[in-house]
Each structure stands twice: as C-alpha cells, then as structure tokens.
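# Residue-level structure breakdown
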Amino acid sequence: MRSLLIFSIAFFHCLALTAQGSERPFTKGVYGDPGAFLKNGMTFKSLGINAIFVRSASLNGDIYKTAKGENVRVYVEFPTLNGKDYLVDHPEAWPINEKGERAPAADWFMGICLTDPGFRSHREQELRNLLKDYAVDGIWLDYLHWHAQFETPNPILPETCFCDRCILQFEKEMSVDVPPGDTGAKAKWILSASDSSWRRWRSRVLNDWVSDMKAIVKERRPGAILGIYYCPWYPDDFDGAHYRILGLDMKELARIADVFSPMLYHQMMDRPPDWVAEYVNRLDEAGITNGTKPLIWPIVQAHSKPGIITTEEFRQVMWNGSRAPSSGIMMFTLHSMISEPGKLEVMKDLFRKK
C-alpha cells in the first residue's frame, strides 16, 4: 500500500511537471546573426546554445542546416510593425498624429498605421513565404506596438493614428459617433470625450494583428510557436503609456502568445541590473503568467550602449533573467559576445549550469 501511495504521488507529480511545460529544456538562446559564430569557427554545441533567434533578413540555408544538424531550435524574429521601408513607396500607410499631420520618426524608429490593408497583406505574405521556405520552430513578433520609441530613458510617445480610415473603423467597431470636423478637431474630441474607448480599440487592433500572425504560423507550421518581443514597462510607467500609447494589453496578449520575451535592456532604459529579476517576478505576481502560459524567455542587454556594460554586470542580468518563472533567456546581441570574450564565458558558464 505504501509503495502504491509513493507511486501515485510520483505519477501525479510527473503529470504536474508535464502540465507546467517542464519537459521542454531550458532555452539557452542567442539573438542576432548566428552566422557570426560560425564564421569564427565556433559551434552552437560547444557554446551550450540550444536555440537561435535569427533576424529574418539573416536566415539562410547554411545557418538553418547547421542549426538543425546540431539539434538547435530555430526561431525567427519577424519585424511586424516596423514601417520604415514600406512607407517609402506607400505614404498612405503613414501614421497620423492628433494634429492631422504625418507623425515624424521616433528617433530611429518609424511605425505604421495598423489599419492599412496594403501593409497588412504585405506582412502576411512575407510571413507565409518565410514559413514556406523554412520549417522553423517558431516566429517572434518584433516592433509590436503603435508608433513610438521606448528603448531609451526618455521615450517618444506620439498619439496616433488619426487617419480617416482609423477614425471610421473606430466609430464602427466601438459604436461611437465622432462629430464632423477636420482631423485635428476629431482627434481632440476622441481624446477628451471617448478616450477609454479609443485606447481599448487600439489595443484590439494590435491584438488582432497578433492573432492573425499566429493563425498563419499554425496553418503553415502547426508545431511552431509564437513569441513576442515587447516593451517591459510597468502599467503606471510614463502615465500608463504601455497601454495608452503602445497599445499593449499583457493579459490579452497572454491568451494569444506562447512565449513572452520582454526586452529587458536595463542600461538603455536606465534601470539597475536587479530590475531584470524584478520585472520577471512581477509578471508572475500580476497573474499574467505562472511560468507555463505564456512561457517567459527574456532578452537581456549585452551590448554596451549607451555606456559600458561590464562582464560582471552582464553576468548579473543573465542570472537575474534566467531565474524562475523564466524558462529561457537570450541576449542582445551575439556580436557583443564575439567582441568581448569575457561575456562569452559568462554565457557559456550559465548555459552549462542550466
């Protein structure tokens, strides 16, 4: 009887572990162009890497074949809402600000109008083509926010998009009647008289993009997963700009995405290394994840910008970002690892112990 009890406990414990996704090995990843490692005579296996997160522009047959030959998972970054190149020939997709003018670039980043049908079709086809060419293990959506710049201590947070198409769609989908007038007058009314509906609608538009991208991934590669890179602000930061301006509703996104990869670039965002662990813990405390759905695989900063990130500082953020409920980690970027051997050793040391 005692043996049966022990067996039962062990059996149900195994079931619980499986339910929590612990059968998936800890994701020991690198982000960027992994071809740089290969050109320097390194192998993924010797570095302890079991997953590469490749920019879509960097993925090629050699990298894919080498990774699969070493039993390394291949995840691809997909620049979802970066509109810079598309806008060159498609100005109709330009995001419009509350003055009725084209929103200027936010530092180096140029966003897009999320309701532009041409841009959406363009991105959908790009994703289908990528999934047709490579049997990747997952797609990571990047630049996942309305037009803004958050990778800085002083973010750029424009109000967009108030083009005629967005306003008409907002009226129809939220049952709102915007008084007639020029774009500036309409925007002023929306922001003063219907602000909560406006923010909710913008979030829904963004969520619909994510759902659509996931449907395409599952259609073409049923076994692949969908991850998202996103801004790791707390809800109250910058007067609630995470939801108010970027359009990110983390609880809704948690129902869609398989993996969250918060962009925990502590130095770029003027935060201490301990913030990395603090942020991951808060996701758990807020009930957004319990470490199983979505999984948490942070991306932490190795790149020395705007200041110098020392080897010891990098060690701190790597260990902080890899603590539970995280079940994976990667760093921005792998070129920093190649140019700074000390950081490469930090990565190898952590990966050996995971």
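A quick note: this is a predicted structure, and the numbers were derived from the prediction, not measured.

Cut-off values and rules
- Residues numbered from 1 in each chain as written.
- Predicted model: local features only at pLDDT ≥ 70, side-chain atom pairs only at ≥ 80, totals over all residues.
- Heavy atoms only, no water.
- Helix = DSSP H or I, 4+ residues; strand = E, 2+ residues; numbered from the N terminus.
- Rg over C-alpha atoms; globule rule 2.2 N^0.38 Å.
- Buried < 20%, exposed > 50% of the residue type's maximum accessible area, 1.4 Å probe, protein only.
- Contact = heavy atoms within 4.5 Å.
- Areas by Shrake-Rupley, 256 points an atom, 1.4 Å probe, with all protein chains shown as cover.
- Axes fitted to C-alpha atoms, helices over the stretch in contact; angles between N-to-C directions.
- Parallel < 35°, antiparallel > 145°, perpendicular 65-115°, else oblique.
- Left-handed = near helix turned anticlockwise from the far one by under 90°.
- Nonpolar A, V, L, I, M, F, W, Y, C, P; charged D, E, K, R; others polar.
- Expected span 1.5 Å × (residues − 1).
- Phe/Tyr/Trp six-rings, centres within 6.5 Å; stacked < 30°, edge-to-face > 60°.
- Disulfide = S-S within 2.5 Å.

Time to look at the overall build of the protein. Within the protein, the secondary structure is distributed over 15 helices and 9 strands. Relative to the 2.2 N^0.38 estimate, which gives 20 Å for 354 residues, the radius of gyration of the protein is 22 Å and therefore close to what a compact globule would have. Taken over the C-alpha atoms alone, the protein extends approximately 75 × 55 × 40 Å along its principal axes. The buried share of the protein, reckoned over its 354 residues, is 54%. For the protein, long-range pairs separated by at least 24 residues make up 74% of all intrachain contacts whose partners lie at least 6 apart in sequence. Element-wise, carbon and sulfur atoms account for 52% of the exposed surface of the protein, whose accessible area totals about 15800 Å².

Once that is clear, we can look at the packing of helix α13 (residues 311–321) against helix α15 (residues 341–353). Contact geometry for α13 and α15: axes closest at 9 Å, N-to-C directions at 25°. If you check the angle between α13 and α15, you find them roughly parallel. The two elements α13 and α15 meet at a crossing, and its hand is right-handed. Of the residues in α15, those in contact with Thr311, Phe314, Arg315, Met318 and Trp319 of α13 are Gly342, Lys343, Val346, Met347, Asp349, Leu350, Phe351 and Lys353. When the residues that make up the contact of α13 with α15 are grouped by side-chain class, the tally is 7 nonpolar, 2 polar and 4 charged.

Below, the discussion takes up helix α12 (residues 274–285). A rise of 1.5 Å per residue sets the reference length of α12, with its 12 residues, at 16 Å; its end C-alpha atoms lie 17 Å apart and thus fit the reference within 8%. Those residues of α12 that sit buried are Trp275, Val276, Ala277, Tyr279, Val280 and Leu283. Buried residues in α12 make contact with β5 (225–230), β6 (259–264), β7 (295–296), β8 (299–301) and α13. At the C-terminal side of α12, Gly287 shows a positive phi close to 75°.

With that settled, the discussion passes to the packing of aromatic side chains. How two aromatic rings sit relative to each other is set out by the distance from centre to centre and by the angle between their planes. A full pass over the atoms with the stated rule returns 25 aromatic pairs. Note on Tyr31 and Tyr229: the rings are 5.8 Å apart at their centroids and 80° apart in plane angle, and the pair reads as edge-to-face. In this pair, Tyr31 sits in strand β1 (residues 27–32) while Tyr229 sits in strand β5, placing the two residues 198 residues apart along the sequence. For Tyr31, a relative accessible area of 5% puts it in the buried group. Feature note: the residues Trp146, Phe162, Phe170, Trp198 and Trp201 constitute an aromatic cluster, connected by ring pairs.

Between helix α8 (residues 183–193) and helix α9 (residues 195–220), the least distance of the axes is 5 Å, while the angle of their chain directions is 100°. Here α8 is positioned roughly perpendicular relative to α9, judged by the angle of their axes. Listed contacts from α9 to Ile190, Leu191 and Ala193 of α8 are Asp195, Trp198 and Arg199. Residue classes in the contact of α8 with α9 are distributed as 4 nonpolar, no polar and 2 charged.

For the rest of this paragraph, the subject is the state of the cysteines. The full count for this structure, using the stated rule, is 0 disulfides. Free of any disulfide, Cys113 has its nearest cysteine sulfur in Cys166, 3.6 Å distant. Residue class for Cys113 comes out buried when judged on its relative accessible area of 0%. A disulfide-free cysteine, Cys161 has its sulfur positioned 3.7 Å from the sulfur of Cys163, the nearest such atom.

With respect to the helices, strands and loops of the structure, Ser194 is situated in the loop between α8 and α9. Once you skip the residues sitting within four places of it in the chain, Ser194 turns out to touch Phe170, Val176 and Trp189.

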